[in-house]
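Topology and contacts: notes
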Amino acid sequence: MRAKLACLGLLFTILISSCSDPASVGLELAPGNNQVGVFFAEFDLPAEVVLLDSFNTTNQGLLVVGEEVDPYFGKTTGIGYSRMYFDSRAERPKSEAILDSIFFRLDVVSVNGRNLDQPKYFSIHRLAEPILDTSYYNFNELRFEEQPLAFSSVNFGETKDTTLTFPVDQDFAEDLFGKLKRGTEFNDIFSFRRYFPGIAVKSGEGQNTTIGVNLGFETKFDIYYHYQGDTLSQVYEINTSSSRSFNGVKSDRNGTPTSIITEPGKAYNTGDLVGLKANLGIAMKVNTAPFDNFLDTLNGAIFQQVEFVLGEINEVPTGQNPPSFFVSYFTDGTNERLSRASDKQPLTVQRDGQPQIELISEGNEEPAVRAPAIGRYNSNDKVYSMLITSYTNALYRNQLQRKDWLLYGNSPETNGDDFKRSFRQFIVNKNRIKVKAIYSKIK
């Protein structure tokens, strides 16, 4: 039966794009039996874009560094800021130690960009002011020295995780090594941070490439030195483990459809296109009112399969990737994510086959929150899809009150919030946001 329904659904997709009586096109589950019919419906869901309120980027453990430019979102720039750390128990080089070299290493765990077979430039800058013990948001930035203390270029090619090694400026290297050997700057971490407040990591302009830099023991200074008569160098590390960090984002949307987006929490119509972009905080609001128009016309319906389909999305340049997932938060005229009254858990569309409501206390039911539905991207057809059969049945039975959706580029299956950890994006034409339903009716 399930296979037959799938075939019927495909045929109806080809033949019609609105509710149809199956008898009118010669389709019934059991010819001669007028008790059960199969129906197909397809309708559009309007969408707008929303700039989310600024969000905390402190201590995410990942620096988002790069610059991207496109006609819809404009120019987006990410700079990563971090303190540095050393083990005060580690043996420091003695005064007679001889400096060999100092390198700065970046532990790159993700790359998203265009023309990755061409050189991409990155630089390390010394902060000109400290990172304070406070919360930093995506709009924050700090002053740093214009002249980098280290820079290099790399051809990533197919490589998505690697260690970038930057030779350090010689004058800075000698100053750092001199203080390491005999200065009070390395007596404790506070003295060190007064001397060296931290780093800013940035990319060259016009590269359309973003990297994710993992902070910890592998993003660091490696200081190589030896003593007279040694055949091998020793190494002293100053790394980014146990170090406060944050990501700053700059957005120049002048001259683009998204230039009208100026106020957080307001839904904007940007013409024929809509989209979302991570770390910048632009999400997509989907108006679900057409569900009311559709469900109000039905009597005795049983939904076999209902799917939310977004795409085909606009072409994604080679080397770049859209978000792999999204979740659909419930929202309203506030354009904020809504929470459940009893425990303030965020409300989302729940997965197919999972309860859409649950009993909180005797006689008190609330929307379920345990299993958010996930919109998954299929790179072959460039479409996101999310099964919403159980959700639609709950709406139809008045178990749920219909709410609009706020699409957010993350998945509960991943660690951390992916929507704050990259510049991934997608753009789609509004006429490619649809609900497709296969259902039957008992006469």
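Above this text sits the structure in question.
So, a few notes on the structure that sits alongside this text. (Residues numbered from 1 in each chain as written. Predicted model: local features only at pLDDT ≥ 70, side-chain atom pairs only at ≥ 80, totals over all residues. Heavy atoms only, no water.)

1. So, the overall build of the chain
Along the backbone of the chain there are five helices and 25 strands. Each principal axis of the C-alpha atoms in the chain carries an extent, and together these give about 100 × 50 × 40 Å. In the chain, which comprises 443 residues, the proportion classed as buried is 51%. Carbon and sulfur atoms make up 46% of the accessible area of the chain, which totals about 20700 Å². (Helix = DSSP H or I, 4+ residues; strand = E, 2+ residues; numbered from the N terminus. Buried < 20%, exposed > 50% of the residue type's maximum accessible area, 1.4 Å probe, protein only. Areas by Shrake-Rupley, 256 points an atom, 1.4 Å probe, with all protein chains shown as cover.)

2. Regarding helix H2 (residues 170–182)
Taking 1.5 Å as the rise per residue, H2 with 13 residues should run 18 Å; its terminal C-alpha atoms sit 19 Å apart, in good agreement. Next to the buried residues of H2 lie strand S5 (98–113), strand S6 (120–126), helix H3 (189–195), strand S11 (220–226) and strand S12 (234–239). Two or three places before Asp171, at the opening of H2, Asp169 has a side-chain oxygen 3.2 Å from that residue's backbone nitrogen. (Expected span 1.5 Å × (residues − 1). Contact = heavy atoms within 4.5 Å. Polar contact = N/O pair within 3.5 Å; in protein donor to acceptor, adjacent residues only side chain to side chain.)

3. Considerations on the packing of aromatic side chains
Under the criterion given, the structure shown has 37 aromatic pairs. Each ring, one from Phe308 and one from Trp405, has its centre 5.1 Å from the other, and the planes form 90°; the classification is edge-to-face. Here Phe308 is found in strand S17 (residues 301–311), whereas its partner Trp405 is found in strand S23 (residues 404–408), with 97 residues between them in sequence. In terms of burial, Phe308 and Trp405 fall into one category: buried. It is Arg337 that lies over the ring of Tyr408; its NZ or CZ is 4.5 Å from the centre. (Phe/Tyr/Trp six-rings, centres within 6.5 Å; stacked < 30°, edge-to-face > 60°. Lys NZ or Arg CZ within 6 Å of the ring centre and 35° of its normal.)

4. Concerning the layout of surface pockets
Of the pockets and cavities examined, the largest pocket occupies roughly 390 Å³. Every element with two or more residues in the lining of the largest pocket is listed here: strand S3 (62–70), S5 and strand S10 (209–214). The biggest single contributor to the lining of the largest pocket is S5, with four residues. Of the residues that constitute the lining of the largest pocket, the class distribution is ten nonpolar, eleven polar and four charged. (1 Å grid on protein atoms, 1.4 Å probe; cavity = no way out; pocket = protein on both sides within 12 Å on 5 of 7 lines; lining within 4 Å. Points joined across faces, edges and corners; volume = space filled by probe spheres on them. Nonpolar A, V, L, I, M, F, W, Y, C, P; charged D, E, K, R; others polar.)

5. Focus: the nonpolar core
The biggest cluster of nonpolar side chains holds 64 residues, and the ones touching the most others in it are Met284, Phe308, Leu310, Ile388 and Trp405. Within the second largest apolar cluster, 41 residues are counted, among which are Val65, Phe166, Phe172 and Val201. (Core = buried A, V, L, I, M, F, W, Y, C linked by side-chain atoms within 4.5 Å.)

6. Focus: the environment of Phe172
Within the secondary structure layout, Phe172 lies in helix H2. Note: C-alpha distance between Phe172 and Ser390 (218 residues apart in sequence) is 62 Å. Beyond its immediate sequence surroundings of up to four residues, Phe172 is in contact with Arg126, Leu149, Tyr195, Phe196 and Phe221.

7. A short note on the side chain of Gln320
With respect to the secondary-structure elements, Gln320 resides in the loop between S17 and strand S18 (325–331). The exposure class assigned to Gln320 is buried, which follows from its relative accessible area of 11%. Setting aside residues up to four positions removed in sequence, Gln320 forms contacts with Glu68, Asn112, Gly113, Arg114 and Asn208.

8. A few points about helix H5 (residues 389–396)
In terms of residue burial, H5 counts as a mostly covered element, since seven of its eight residues are buried. Buried within H5 are the following residues: Thr389, Ser390, Tyr391, Thr392, Asn393, Ala394 and Leu395. Lining the buried residues of H5 we find helix H4 (290–295), S17, S18, strand S22 (383–387) and S23. Of the residues flanking the end of H5, it is Asn398, one or two places downstream, whose phi is positive at about 60°.

9. Some points on the side chain of Lys285
Note that Lys285 resides in strand S16 (residues 282–286). Buried and without a salt bridge, Lys285 has Asp404 as its closest oppositely charged side chain, separated by 4.1 Å. Reaching out from Lys285, the side chain makes a polar contact with the backbone oxygen of Asp332 at a distance of 3.2 Å. Only 2.7 Å separates the side chain of Lys285 from the side chain of Asn335, close enough to count as a polar contact. Lys285 has contacts with Pro46, Ala47, Glu48, Val50, Ala267, Thr331, Asp332, Gly333, Asn335, Asp404, Trp405 and Leu406, leaving out every residue within four places of it along the chain. (Lys, Arg positive; Asp, Glu negative; His and termini not counted. Salt bridge = Lys/Arg side-chain N within 4 Å of Asp/Glu carboxyl O.)

10. Considerations on the pattern of salt bridges
According to the stated counting rule, one finds 19 salt bridges in the structure shown. For Asp133, the salt bridge is made with Arg83, and the minimal N-O distance between the two is 2.7 Å. With Asp133 in the loop between S6 and strand S7 (150–154) and Arg83 in the loop between strand S4 (74–82) and S5, this pair connects stretches of sequence that are 50 residues apart. Beyond isolated ion pairs, a larger network of salt bridges with shared partners links Arg340, Asp343, Glu358, Glu366 and Arg370.

11. Points about unusual backbone geometry
Here the bond from Gly311 into Glu312 is cis, since omega is 15°, no more than 30 degrees from zero. For Glu312, the position within the fold is in the loop between S17 and S18. With phi around 55°, Asn59 is a residue other than glycine that occupies positive phi space. In this fold, Asn59 is placed in the loop between strand S2 (47–51) and S3.

12. Focus: the pairing of S23
Of all five residues in S23, five are buried, a share of seventy percent or more. Side chains of S23 alternate between two faces, with Asp404, Leu406 and Tyr408 and Trp405 and Leu407 buried alike. Both S16 and S23 contribute to a ladder of three bridges, which runs antiparallel. Looking across to S23, one finds that Val286 is bridged to Trp405. (Pairing = 2+ DSSP bridges.)

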